[in-house]
Amino acid sequence: MAAPPREELAETMAGARHTRVPSRSRLVARRFLRTGQGRVGFALLASLFLLAFLGPRAAPWSATDLDFTAFLQPPSASHWFGTLQTGTDVFAVTMSGARRSLLVGLLVAVLSTAFAAVAGSFAGYFLGWTDRTLMWVTDLLLVLPAFLILAVMSPLFTAGRWLLFVAMLAAFLWMVTSKIVRGMTRSIREREYIQAARFMGVAPPTIIFRHVLPNLASLLVVDATLNVSAAILTETSLSYFGFGIQPPDVSLGGLIADGSATALYAPWTFWFAAGVLIVMILAVNLAGDALRDAFDPDAGRAG
Amino acid sequence: MAGFLLRRTANCILLITVATSLAYLLAATALDPRSNYEGRNPRPPAAVVEAQLSRLNLNDRAPLSERYLTWAGGVLRGDFGRTWNGDRVGADLARRAGVTLRLVLLGVVLGSVAGVLAGAAAAVGQYGWFDRLSTACAFLVLAIPTVVLAHMLVIGAVWLNDLLGVQVFLVSGEATPGLADGVGAGLLDRAKHLVLPTISLALGQIAVYSRYQRNMMLDVLDADFVRTAMAKGLRRRTALVRHALRTSLIPAVTYFAFTFGSLLVGATITESVFGWHGMGEKLIASIRSNDVNTVAAISCFAALAVMLASLASDVLHAVLDPRVRVG
Amino acid sequence: MTGVTGERPLAGRAPAPGRPGAGGPVLEVSDLSVRFGEVHAVRGVGYSLAAGEVLGVVGESGAGKSVAALAVMGLLPRRARVTGSARLHGAELIGAPEKRLAALRGSGISMVFQDPLSAMTPVYRVGDQIAEAVRVHGEVTRRAAAERAVELLDLVGIPDPRRRARAFPHEFSGGMRQRAMIAMAVANDPDVIICDEPTTALDVTVQAQVMEVLRKAQRETGAAVLLITHDLGVVAGFADRVLVMYAGREVELGTVHEVYARPRMPYTAGLLASVPRLDAGAELPLVPIGGRPPSPAELPPGCPFEPRCALSIPECRAAEPAPLEVFPGHRAACLRAREPGRAPRPEARGAAVPLAGDGPPRPATPVVLEVQGLVKHYALTRGALLRRRVGTVRAVDGVDLDIREGETLGLVGESGCGKTTTLMQILELTRVQAGRVSVMGRDTATLTSRERLALRGRVQVVFQDPLASLDPRMTVHDIVAEPLVTHRRGDAAPRVRRLLRMVGLDAADAARHPRHFSGGQRQRVAIARALALEPRLVVLDEPVSALDVSVQAGVINLLEDLRDRLGLSYLLVAHDLAVVRHIADRVAVMHLGRIAEIGRAGRVYGAPAHPYTQALLAAVPIPDPARERRRRRVLLEGDVPSPADPPSGCRFRTRCPKFKALADALRARCLTEEPEVRPLEDDHGAACHYAEKPGVVQSTAPTTARNLEEP
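Residues numbered from 1 in each chain as written. Chains lettered and ligands numbered in written order. Predicted model: local features only at pLDDT ≥ 70, side-chain atom pairs only at ≥ 80, totals over all residues.

A.B. asks: Would you take a moment to explain the overall build of chain A for this structure?
C.D. replies: On a plain count of helices and strands, chain A comes out with 13 helices and 0 strands. When the elements of chain A are put in sequence order from the N terminus, they spell out α-α-α-α-α-α-α-α-α-α-α-α-α. (Helix = DSSP H or I, 4+ residues; strand = E, 2+ residues; numbered from the N terminus.)

See below:
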């Protein structure tokens, strides 16, 4: 078993010399940025982030300021996106809403995808009772009308408890992903490298985290991206009816609801909020699609 | 076989029961019917409010378990309870369910058929002009939330009506009330009301299905059996329609079950924007008015609808795919 | 015996009616090239096919065999760039408009594909799919086409064709699907049938049946056949001429007898020398071809085979040699093709058939694995929607075997016979449904989890598909180190390097991912991982069946070398009887969950006592045309019965040739009593009521390895 130390040293030095194979993540990043979609999506997302988080610092008004000299005014040098009936600056309030939407989207996506990955892979790996229980819960949540439940719970989200809203939204978004993860785990579980690990004595949870989930990484990353847009869309719909993000926090859905009433004669109250929302979701979807192609170059799905 | 069906039905009923119960418990905890009375002017005496709430099984001072059991007992007898001001919950829900189902059904049929056709056409001419155009459109549509889309349609319709000086599209309600001259005029009026809500609901479905079908179709485009069909002497186009499209319809059908839930949400938004008096509109109203029993009844309806949709998708799957039929 | 050489009279099939020259070629291909972007998959292939002639095309995966055939049919994906010429009766096919091509496909030239499951549309009935082929090419009513489909199914030997025509492809067995594919291909009486690996996915006995159907179909239609395969034995038995391809080019073309007896291209000679043969035992080492086929994207400037060639000279590197006529009708693309007597003579191996049965007696070493009465049944469910239990699959139904230290037991049988289930049950190291498994003398039913973990280190496994058995996201170092880390065996790095060197890899390969390796190298990584914990017993599940022939030999040699150096015991599961013959000391033949015959390899192969073993051995094609054509064929009828519903009594009786020959009085026993393995002589037993002593078998059943040739 013990080799002469000199030989080992020589081997170690030899080992240090070999050419590094480019890591997978770097390869994916390169492929992602090579596509037009990936570049556009990435650029749009980056500028939205900059605008939403840094824009308000440069703007003259904050979201809570009211300009009593300008009610429902069209865009001008002072109010870049115009003002609302209350004198609120549309740019400031839209950016505030965009910030909230982006945060909600990202958090919900990460939470729900992580949960979907764990639930799906455990169900698919262990099968039997674990599977039946987890899948029953999944079916139950699919049958429960998520929109209704979240709307009913809206009184609980007041007073800045938007993180609770995030958690609830995530709780209703993981089921489909977890079913896909379960299916893929079931097929991966039959792969011979999993069998080999089992027969060498690796513990099942270790197998799941070492062999199963890393091999589903591409699916999970892509799904997380698409969950970002799903979360933002759901949040918007709920906020539109006043059931989502509660005051004092602002949300794009709420702005759109208010703006739709005045859209015909004061278009800026509606179109800026709607436009930012559309660009945001478009950017996320483009990035997600480009990511899928970057992970799976053979599929040739680049649209 | 019979045993299996029985077990499956039992599980469906169990799921619906648990889902509805959860919705009831949540609504009974989170909503506050008492505030409806306390906000009244003049404010009714406390004892009257108390008695009224107790009579309607809405009293938040009674233990939740007690209220739940009373409610559940009623549901078992087919009685979903009363609204906060004493009307029967079940009264107009059946009519509203019809309105919503009409809208949803139209959206589903139009959305899936047009989506599948567009997706298949895009896949066959991959990277061609139609593929690029439909992909770009799908991306755009998928980025527009239903709320925004519905309002955009309303704004567009108002603008168009103004421009033409004729009411081409009608954006409020299912039909113009009080219109009574002739069947033809009535139908036309209904159609004018129907176009925009249907588009608002179907457009998203078309986009989703076209993307999905395109991917499924690309998967089978180079399949061995398509090659076999061409080796027999079929032209490429015939082989694709008869063999590839037919086979790639199977996953699209199973996908249907997953999109149904989002369709119900879409219907809620569409109804609200276009002023249709359906289930969705009622849902929003009942949550705003703290109407616990109505909320529970609607959630039961929604659970049942989702369940039926998944059943329908299973049946369609079995019809399309001989491999899953019991043989 | 000096072997089969050109001097011998070339026996075999009578010349086909239309030999080259007689009546002009049906299909003439010249200078055919196919490019996929930068990849030049086929580089100037040419051949001609006379009416009724069978041309075999052989080569390893990636040689461009299938691509060239699909190019002729015009069935390549549209991004392929095809140049050159292919003429069917003088009419050009390459670049012809789709309408004309479609009219010719299926009627003038038809095709049988490799995987009959994926090649049939899953949602249509088999009969309808055949009828569709009939209707495309003629004004036929729906009813008449359906009638014709039933006739065709009957022609290809599907029992009860009228009922079977209404079945869906998934309800057919693999062999029946391939028959249906053949029915589809001959539906319009084509002039050329292209068969692309028609039997690769099938078991040997089914392969023999399907080849027989192909022969019949060819006779009935008088069509010329282009038979693409990697199996040199299949070509030897069926083809008139053979075309050897390497790296997208023709490297040798000639009559089968000529090419097999006197290969002029070192690659052909190497292929013939690297195939394990049923008629040769372990005494003759296999000669692997070193290196690996070049990537079609980066071909060397000279002869593409030069880097692997033992006979290369500097001139080989300068330019690619053109095919050169060595003898009339025999050409080879090698600069040294005309040098007499320089190619290795494969016949030196082929002839030496060891005498039946002998080899060293069983060692008196400790038993490392003992299996007694192993049973594994599982529920058979039907339908994805309405899932319900429709029966019990008796996958393993009472298996006994044992392996001693240093010994190799080969477990052979056709797919579905339960050999893989047996192996999985052993590897689980837990309590089995019934029976007893003991490893290193420990009963696995009584192990604690700590003991089980310790025992896992002594029993390791190598799987079939080396790509699937290595986690694609891990480096080779992490893969080989995983067992060491799991069992906390100290610093893994030096051990991993030593293991990699032991299996013939470079220690520097440790940082790379499995996808950067060839199939053979990946299998070496898997072997290194299996050896990491210094096991005593290694279970090999089809270890070389996913590899190309030339690579197979290297891995087989490595396994034998490791066994001898480390004193390992192997349980080798394989369907390739020749591979097992080469490695194993003892052989167990499984049939429908039970052992049919077990014993020393030389005995079982040399003097099989069970009719199933006899049929199995007779079905394996031998890569030697003269010998292959003189063999007596024992074709089993029908399909393997379902393990969910095995026949009463002897499970083999429904297909047993011996049972058919028995008198009714004797049959009763086969019908009612399930035979147990009965010892016939020292270390050789068979589960047949009427198994003869090997001495008797020699005269009554002349299908043994020694007597493969009819007198």
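Once the structure has been displayed, the description carries forward.
A.B. asks: Explain the overall build of chain C here, please?
C.D. replies: Helix and strand counts for chain C stand at 24 helices and 24 strands. The buried share of chain C, taken over its 711 residues, is 55%. Taking all contacts inside chain C whose residues are at least 6 apart in sequence as the whole, residues at least 24 apart take part in 70%. (Buried ≥ 20, exposed ≤ 12 C-beta atoms within 10 Å, placed from the backbone. Contact = placed C-beta atoms within 7 Å.)

A.B. asks: Just to check I follow, could you spell out the interface of chain B and chain C for this structure?
C.D. replies: Where the parts come together, the accessible area they lose is often given as the size of the interface. Taken together, the contact pairs 30 residues of chain B with 32 residues of chain C. Of all the elements in the fold, those that place two or more residues in the side of chain B that touches chain C are α9 (224-232), α10 (236-274) and α12 (292-320) of chain B. Across the side of chain B that touches chain C, the residue classes tally to 13 nonpolar, 6 polar and 11 charged. (Nonpolar A, V, L, I, M, F, W, Y, C, P; charged D, E, K, R; others polar.)

A.B. asks: What's the story with helix α3 (residues 36-58) of chain A in this structure? I'm lost.
C.D. replies: Residue pairs spaced three or four apart in an α-helix point in one direction, given the helix's 3.6 residues per turn. All names here are of chain A. Helix length check: α3, at 23 residues, gives a terminal C-alpha distance of 31 Å against a target of 33 Å (1.5 Å per residue), a fit within 8%. The sharpest bend along α3 reaches about 40 degrees and sits at A52, with the proline P56 one to four residues further on. What α3 keeps buried is the set Q37, G38, G41, L48, A52 and P56. (Expected span 1.5 Å × (residues − 1). Bend = angle between axes of the 7 residues up to and from the residue.)

A.B. asks: Teacher, can you tell me more about the packing of helix α11 (residues 279-288) of chain B against α12 of chain B here?
C.D. replies: Residue and element names in this part refer to chain B. Remark: α11 packs on α12, axes separated minimally by 9 Å, with the N-to-C direction vectors making an angle of 150 degrees. Taken as a pair, α11 and α12 cross one another with a handedness that is left-handed. Residues M279, K282, L283, S286 and I287 of α11 form the contact with α12, whose own contacting residues are T294, V295, I298 and F301. Classifying every residue of the contact of α11 with α12 gives 6 nonpolar, 2 polar and 1 charged. (Axes fitted to C-alpha atoms, helices over the stretch in contact; angles between N-to-C directions. Left-handed = near helix turned anticlockwise from the far one by under 90°.)

A.B. asks: How should I be thinking about the nonpolar core in this particular structure?
C.D. replies: Buried together is how nonpolar side chains tend to be arranged in soluble globular proteins. Counting 402 residues, the largest nonpolar core has I130, V192, L226, L227, L571 and L572 of chain C as the members making the most contacts within it. Ignoring sequence-local partners within four residues, the contact set of L226 of chain C consists of L49, L55, V57, A69, V192, I194 and C195 of chain C. (Core = buried A, V, L, I, M, F, W, Y, C linked by C-beta atoms within 7 Å.)

A.B. asks: Please explain the interface of chain A and chain B as it appears in this structure.
C.D. replies: With 35 residues of chain A at the contact, the number on the chain B side is 40 residues. Where the side of chain A that touches chain B is concerned, the elements lending two or more residues are α5 (128-143), α6 (146-153), α11 (217-240), α12 (252-262) and α13 (268-295) of chain A. The greatest single-element share of the side of chain A that touches chain B, amounting to 8 residues, is contributed by α13 of chain A. Split into classes, the residues belonging to the side of chain A that touches chain B amount to 27 nonpolar, 6 polar and 2 charged.

A.B. asks: Would you mind going over unusual backbone geometry with me for this structure?
C.D. replies: Leave glycine aside and you will find that most residues have negative phi; peptide bonds, for their part, are mostly trans. All names here are of chain C. Not every positive phi belongs to a glycine, and D189 is a case in point at roughly 55 degrees. Position of D189 among the secondary structure elements: in the loop between α6 (174-186) and β7 (192-196). For A247, which is not glycine, the phi dihedral falls at a positive 50 degrees. Within the secondary structure, A247 is located in the loop between β9 (241-246) and β10 (249-255). Exposure remark for A247: the 25 C-beta atoms within 10 Å place this residue in the buried category.

A.B. asks: I keep staring at the sheet that holds strand β1 (residues 25-36) of chain C and nothing clicks. Help me out?
C.D. replies: As a general point, the strands of a sheet are linked pairwise by backbone hydrogen bonds and lie either parallel or antiparallel. Residues and elements named next belong to chain C. The strand order β2-β1-β4-β5 describes an open sheet built from 4 strands, whose pairing is antiparallel. Lying at the two open borders of the sheet, with one neighbouring strand each, are β2 (39-50) and β5 (91-92). Summarising the sheet, strand β4 (residues 80-88) and β5 pair through 2 bridges and their orientation is antiparallel. Within β5, the residue paired with R87 across the bridge is E92. Of the strands in this sheet, β1, β2 and β4 are in contact with helix α1 (residues 65-73), which crosses β1 at around 115 degrees. (Pairing = 2+ DSSP bridges.)

A.B. asks: When you look at the environment of T262 of chain A in this model, what are you seeing that I'm missing?
C.D. replies: All names here are of chain A. Position of T262 relative to the elements: it lies in helix α12. Classification of T262 by C-beta neighbours within 10 Å gives partly exposed; the count is 15. In sequence terms T262 and A52 are 210 residues apart; their C-alpha atoms lie 24 Å from each other. Once you skip the residues sitting within four places of it in the chain, T262 turns out to touch Q85 and T269.

A.B. asks: Explain the pairing of strand β19 (residues 537-541) of chain C here, please?
C.D. replies: Residue and element names in this part refer to chain C. Within β19, 5 of the 5 residues are buried, leaving the element largely enclosed by the surrounding structure. Where burial is concerned, the two faces of β19 agree: the one with L537, V539 and D541 and the one with V538 and L540 are both buried. Of the strand pairs in this sheet, strand β18 (residues 459-462) and β19 are connected by 4 bridges, and their pairing is parallel. Counterpart to V462 in the pairing with β19 is L540. Both β19 and strand β20 (residues 569-574) contribute to a ladder of 5 bridges, which runs parallel. Looking at β20, one finds that V538 is bridged to Y570. As a crossover connection, the stretch from β19 through helix α17 (residues 549-566) into β20 is right-handed. (Right-handed = clockwise from strand over helix to strand, strands pointing away.)

A.B. asks: Please clarify how the sheet that holds β19 of chain C should be interpreted in this entry.
C.D. replies: Residues and elements named next belong to chain C. One open sheet holds the 8 strands; their spatial order is β18-β19-β20-β15-β21-β22-β24-β23, and the pairing between them is mixed. In this open sheet, the two edge strands, each paired with only one partner strand, are β18 and β23 (678-681). Shown here is a sheet whose adjacent strand axes are inclined to one another by a mean of 20 degrees, direction ignored.

A.B. asks: Would you take a moment to explain the environment of E597 of chain C for this structure?
C.D. replies: Residue and element names in this part refer to chain C. Positionally, E597 belongs in strand β22 (residues 594-600). On the neighbour-count criterion, E597 (28 C-beta atoms within 10 Å) is buried. Between the C-alpha atoms of E597 and R135, which are 462 residues apart in sequence, the distance is 49 Å. Beyond its immediate chain neighbours, meaning those up to four positions away, E597 contacts V589, V604, P608, A609, H610, T613, A686 and A687.

A.B. asks: Is there a simple way to think about the packing of helix α16 (residues 519-531) of chain C against α17 of chain C in this case?
C.D. replies: Geometrically, a packed helix pair is captured by the angle between its two axes and the distance between the axes. Residue and element names in this part refer to chain C. With their axes 9 Å apart at the nearest point, α16 and α17 run at an angle of 20 degrees to one another. Classed by the angle they form, the pair α16 and α17 counts as roughly parallel. Two packed elements cross with a definite hand, and for α16 against α17 that hand is right-handed. In contact with G519, G520, Q523, R524 and I527 of α16, α17 contributes V551, G554, V555 and L558. A breakdown of the residues in the contact of α16 with α17 according to their chemical character gives 4 nonpolar, 4 polar and 1 charged. (Parallel < 35°, antiparallel > 145°, perpendicular 65-115°, else oblique.)

A.B. asks: How should I be thinking about helix α4 (residues 142-155) of chain C in this particular structure?
C.D. replies: All names here are of chain C. In this model, α4 (14 residues) spans 20 Å end to end at C-alpha, consistent with the 20 Å of a helix rising 1.5 Å per residue. Turning to α4, the residues buried within the fold contact α3 (126-136), α5 (161-164) and α6. Downstream of α4 by one or two residues, G157 has phi in the positive range, about 80 degrees.

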